[in-house]
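# Results of the structural survey
Here is what each chain is made of, one letter per residue.
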Amino acid sequence: MIASLLHKFITVNRDAKLLAITSSRYHSSICNSLNSITNKNVSSRNNFIQNYLEGRPNLHRVCHSKANAPLACWGYRSCSVQSLSDNAQPIRILYASQTGTAKLFAQQLSDQLSDIYPDREISIEGWHETKSPDQLLQPGKALHVFLTSVAGVGEPPDNGKAFYNWIMNMDNDIVKASGYVTPNLNGLEYAVFGLGNSAGHAKYFNVIGKSLDARLEELGASRVMEIGLGDDGDCIEDDFDVWMEAFTSKLKESGTMQGSVADDEDIAGAELSSFEHIGEHKLEDAEESIESGARNRKPRISCPGVAMGADTTRLISEKFPTLKLLPRDSDVVRKHLFHLQGTSDQFYDEKSGNLDVIGNKLLGIEAGESGIHEMKVVLRDHNNTKQLLEYETGDHLVVYPQNSQCIVDAYCNLLDVDRHAIIANDDSIGSYPYPKGLTVCETLSHCIDLGAPPSPSFTRMILGTKDFDYKKDIAYTNRTVLDLLLQNNCRISLEDLLFQCTPMRPRYYSIASSNIKHPSEIRLVYRKVKVRQLH
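Residues numbered from 1 in each chain as written. Predicted model: local features only at pLDDT ≥ 70, side-chain atom pairs only at ≥ 80, totals over all residues. Heavy atoms only, no water.

## Details of the nonpolar core
As a rule of thumb, nonpolar side chains are buried together in soluble globular proteins. In this structure, L323, L444 and L498 are the most contacted members of the largest nonpolar core, which totals 47 residues. If you list the elements that add at least two residues to this core, you get α11 (405–413), α12 (440–446), α13 (456–463), α14 (470–475), α15 (481–487), β17 (490–492) and α16 (494–500). Not counting the four nearest positions on each side in its chain, L444 is found in contact with N403, V408, Y411, C412, L415, L450, L497 and L498. (Core = buried A, V, L, I, M, F, W, Y, C linked by side-chain atoms within 4.5 Å. Buried < 20%, exposed > 50% of the residue type's maximum accessible area, 1.4 Å probe, protein only. Helix = DSSP H or I, 4+ residues; strand = E, 2+ residues; numbered from the N terminus. Contact = heavy atoms within 4.5 Å.)

Right under this line is the structure:
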């Protein structure tokens, strides 16, 4: 179990596993977190941003998204939508993400577009990566798709602050004085999908996406699609899926996307090609499987020392890159991933360190599963000689959960590879989202949220049909990938599982103790949550 103090990172031992059951958002003021571009007159900059938002009342209007509602009814009505230009442009997907959801959606959109337009140039880039803010925009050279969440109370995500502050302030006198020139975005075609939570801070619901959408139009860019507003207070996965389908339909109808276009039947066939029913290719009897022709119907490769079948082949994906797996060198499963610190696959912040949970008790007279608990985490080393970190009242603890071993075992049993096989450090697989060099079991334990519902597209792939209500049948009933695989009695390739499952996201907790009274301890208050699955 990994936890981190907001801006100060720590690790908590396994006794803290209860923290993985629930989560909360951290709270702070929008103006307090805006970084200054010029390091001058911060208060004036903040006032400018606040006045900009207050001057647009439609940016604060809230309306819950509906799966079958027109896009204009999602709580925001854009001023105008332009037709796509005649020239076939590459598609640039630009995301700003606090906990990884926007990044995950960006990858899903890229996969969908790549399936439909296999010859089209499609790229994904975070707002913070390699380029300065002004270099992220390429008017006339690409269709820009922006995906952005909201952090805290109306703030841009950490990796999007530089770009967001720049584009919102570029015509401010302070910014102009620093040498920035307001660009002309004529010729830039764009679409925006925002991620927010109407149940948390209704006034700031999707305010970053809405203000970016309006600001781009102000600077001369052309909106080609109504803004999509995802609501994490309802079912944000379904909101994005509806918007993504509308976006791809817009591209098909425009007639401007030149190059080969895959048929829907071909796409559906490719999605189903990496699944086989348990028993089609028996792990114990490869000869029977070959005779039945199952191996010819499903893509498999030889993988001696790793594959569990008698013929040493394993199932692979036709949609995602094939991972190189190495035979096990141990059956030990690491309890944490600190051995990756300082490497290109670093999993935790560089300031991480080990701390101990020294107390965990039930508060109040009400017992049972609904009771409130208090957990104490000591901030000193094991010898009680050194203070490992300090905190201030109002800081937050960020907890990285770890999957239960029994759940990991259940997933491993549906794979046809050794759970202790090592995912090799293969530079040719640039899109792999997790650290390399881990075993299959370690990756499933630390990196993937095995308890999260699959995305709508992943659900369609597993079920082999579109005939289901995602909210009712999957999201609201907390159906997992494991549930659907067992329901359909099918096995999945390692690649399809790793590339499409939801990454493990951190959980934010307010620290309930005072740094004056308890300078060497952090106290957290939480309530265990039991999830019911309705079948």
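Once the structure has been displayed, the description carries forward.
## Quick look at the pattern of salt bridges
Summed over the entire model, instances satisfying the criterion amount to 18 salt bridges. The residue K471 makes a salt bridge to D234 at a minimum N-O spacing of 3.0 Å. Residue K471 is located in helix α14, and its partner D234 is located in the loop between β8 (228–231) and α7 (236–254); the two are separated by 237 residues in the primary sequence. Judged by relative accessible area, which is 10%, K471 ranks as buried. Residues joined in a network through salt bridges with shared partners are D213, E217 and R223. (Salt bridge = Lys/Arg side-chain N within 4 Å of Asp/Glu carboxyl O.)

## A look at α7
Taking 1.5 Å per residue, 19 residues should reach 27 Å; α7 reaches 27 Å between its end C-alpha atoms and fits that length. Every buried residue of α7 is accounted for by I236, D238, D239, F240, D241, V242, W243, M244, F247, T248 and L251. (Expected span 1.5 Å × (residues − 1).)

## Examining the side chain of T439
Mapped onto the elements, T439 comes out in the loop between β16 (422–423) and α12. Judged by relative accessible area, T439 falls into the buried class, the value being 5%. Setting aside chain neighbours within four positions, we find T439 in contact with R419, H420, A421 and I422.

## Comments concerning a nonpolar patch on the surface
A cluster of nonpolar residues, L363, I372 and V525, forms a patch on the protein surface that exposes about 190 Å² of accessible area. Residue position: V525 is located in strand β19 (residues 521–527). For V525, a relative accessible area of 39% corresponds to the partly exposed category. (Patch = residues over 30% accessible without salt bridge, like charges linked within 9 Å, V, L, I, M, F, W, Y side chains within 5 Å. Areas by Shrake-Rupley, 256 points an atom, 1.4 Å probe, with all protein chains shown as cover.)

## Remarks on the environment of E318
For E318, the position within the fold is in the loop between β11 (313–315) and β12 (325–326). With relative accessibility at 52%, the residue E318 sits in the exposed group. When the C-alpha atoms of E318 and R300 are compared, they prove to be 9.7 Å apart, with 18 residues separating the residues in sequence.

## Here we look at the packing of α7 against α13
In a pair of packed helices, the angle between the axes and the distance between the axes together describe the arrangement. In contact at an axis separation of 9 Å, α7 and α13 are set at 85 degrees when each is read in the N-to-C sense. Compared by their axis directions, α7 and α13 come out roughly perpendicular. Taken together, the residues of α13 that come into contact with α7 (itself represented by E237, D238, D241 and E245) are P456, S457 and R460. Residue composition of the contact of α7 with α13, by class: 1 nonpolar, 1 polar and 5 charged. (Axes fitted to C-alpha atoms, helices over the stretch in contact; angles between N-to-C directions. Parallel < 35°, antiparallel > 145°, perpendicular 65-115°, else oblique. Nonpolar A, V, L, I, M, F, W, Y, C, P; charged D, E, K, R; others polar.)

## Regarding the confidence of the model for the chain
Scored by pLDDT, the chain has a mean of 76; 71% of the residues are at 70 or more. Considering each helix and strand of the chain separately, the mean pLDDT is smallest for helix α1 (residues 30–33), with a value of 25, and largest for α12, with 96. Low pLDDT, under 50, characterises residues 1–78; the stretch is placed with 233 contacts to residues that sit more than four places away or in other chains. Ignoring residues within four places in sequence, the model shows residues 283–296, a span with pLDDT below 50, making 23 contacts including any to other chains. (pLDDT = per-residue confidence, 0-100.)

## Structural notes on unusual backbone geometry
At T312, a position not held by glycine, the phi torsion is positive, near 60 degrees. Looking at where T312 falls in the secondary structure, it is placed in the loop between β10 (300–302) and β11. The exposure class of T312 is partly exposed, given its relative accessible area of 29%. Positive phi is not limited to glycine here, since N489 has a value of about 55 degrees. Locating N489 in the fold gives a position in the loop between α15 and β17. Of the residues examined, N489 reaches a relative accessible area of 40% and is grouped as partly exposed.

## Digging into α13
Of all the 8 residues making up α13, 7 are buried; the element is thus mostly covered by neighbouring parts of the structure. The complete set of buried residues in α13 reads P456, S457, F458, T459, R460, M461 and I462. Just past α13, the residue G464 takes up positive phi, approximately 70 degrees.

## Topic: the packing of aromatic side chains
Inspection of every chain in the model, using the stated rule, returns 15 aromatic pairs. Between F163 and W166 the ring centres are 6.0 Å apart and the planes differ by 40 degrees, which places this aromatic pair in the tilted class. Here the residue F163 and the residue W166 both occupy positions in helix α4 (residues 161–169), the gap between them amounting to 3 residues, near one helical turn. Note on accessibility: F163 and W166 belong to one class, buried. Taken together, a centroid distance of 5.9 Å and an interplanar angle of 75 degrees make the contact between Y432 and F499 edge-to-face. Of this pair, Y432 sits in the loop between β16 and α12 while F499 sits in helix α16, and the two are 67 residues apart along the sequence. Connected via pairs of aromatic rings, a cluster forms that spans F105, F193, F240, W243 and F247. (Phe/Tyr/Trp six-rings, centres within 6.5 Å; stacked < 30°, edge-to-face > 60°.)

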